[in-house]
Amino acid sequence: MRVGVYLAHPRPGSFNHALFEAVVDELRAQGAEVLPHDLYAEGFSPLLTAEETGTVAASGTAGDGRLALHRAEVATLDALVLVHPNWWGMPPAVLTGWVQRVVVPGVAYKLGTADGEPVGLLRAGRALVLNTSDTPAAREREEFGDPLERIWAACVLPYVGVADVRRRVFRTVTDSSGAERAQWLRQARQDAAALIG
């Protein structure tokens with residue numbers, strides 16, 4: 001299997017980086033072809049240009065080489081893994097920009113009219129989203145309605161043809177112990193293995 005793993009956290013040494021490394025290592029150990037991307041380290045620009053704002057017509061050729069690479073790669077994946085923190089109920093800006101610039105018409109979906117139903121073009125039938133959070137689960141669910149679940153499992157991934165969306169949240173990270181983090185890394189490895197199993 002060909003799996004794209006995308007990390008969105010600006011601080012080297014963060015627990016998100018540890019999750020990313022554990023997942024990449026596990027997927028490779030399971031025999032997957034892994035395409036790992038640390039979006040901050042790569043300097044991926046999240047800034048959508050005026051020419052990239054179309055939602056119906058197939059996107060033109062990307063003038064930015066890094067953007068062209070990401071678009072070409074995402075179209076060839078069998079699965080995706082997204083690793084990021086929960087910041088204000090949203091992914092970090094770099095990942096939001098990645099979605100807006102890479103997951104575009106003609107690459108990830110096809111839409112006949114603006115009010116029509118999309119046809120997902122990605123061959124990746126499954127995705128794993130690993131989030132970190134400092135918000136307790138009950139508060140996230142009851143007060144905020146778990147916005148990241150809505151973003152990934154209802155809005156973005158099904159729209160482009162990813163029907164099997166799995167998500168794991170590790171919380172609360174800031175006050176977690178070394179033992180808890182070690183267990184979370186083991187869980188992330190198990191989730192990665194199950195994604196391609």
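Calculation notes
Residues numbered from 1 in each chain as written. Predicted model: local features only at pLDDT ≥ 70, side-chain atom pairs only at ≥ 80, totals over all residues. Heavy atoms only, no water. Phe/Tyr/Trp six-rings, centres within 6.5 Å; stacked < 30°, edge-to-face > 60°. Helix = DSSP H or I, 4+ residues; strand = E, 2+ residues; numbered from the N terminus. Buried < 20%, exposed > 50% of the residue type's maximum accessible area, 1.4 Å probe, protein only. Core = buried A, V, L, I, M, F, W, Y, C linked by side-chain atoms within 4.5 Å. Contact = heavy atoms within 4.5 Å.

Peer 1: I tried to follow the packing of aromatic side chains on my own but got confused; where do I start?
Peer 2: Applying the stated criterion to the full structure yields five aromatic pairs. Their ring planes at 45 degrees and their centres at 5.9 Å tell us that Phe170 and Trp184 sit as a pair that is tilted. Of the two residues, Phe170 is situated in strand β7 (residues 164-171) and Trp184 in helix α7 (residues 178-196); the sequence distance between them amounts to 14 residues. Trp184 carries the same exposure label as Phe170, and that label is buried. The structure contains a cluster of three or more aromatic residues connected by ring pairs, namely Phe15, Phe170 and Trp184.

Peer 1: So what exactly am I meant to see when it comes to the nonpolar core here?
Peer 2: Considering soluble globular proteins, one finds that nonpolar side chains tend to be buried as a cluster. Core analysis: the biggest nonpolar cluster contains 31 residues, and Tyr6, Val74, Leu80, Trp98 and Trp152 have the highest contact counts within it. If you tally residues by element for this core, the top one is helix α4 (residues 93-102), at five residues. Residues contacting Tyr6, with those up to four places away along its chain left out, are His37, Leu39, His70, Val74, Leu77, Leu80, Val81, Leu82, Val83 and Trp98.

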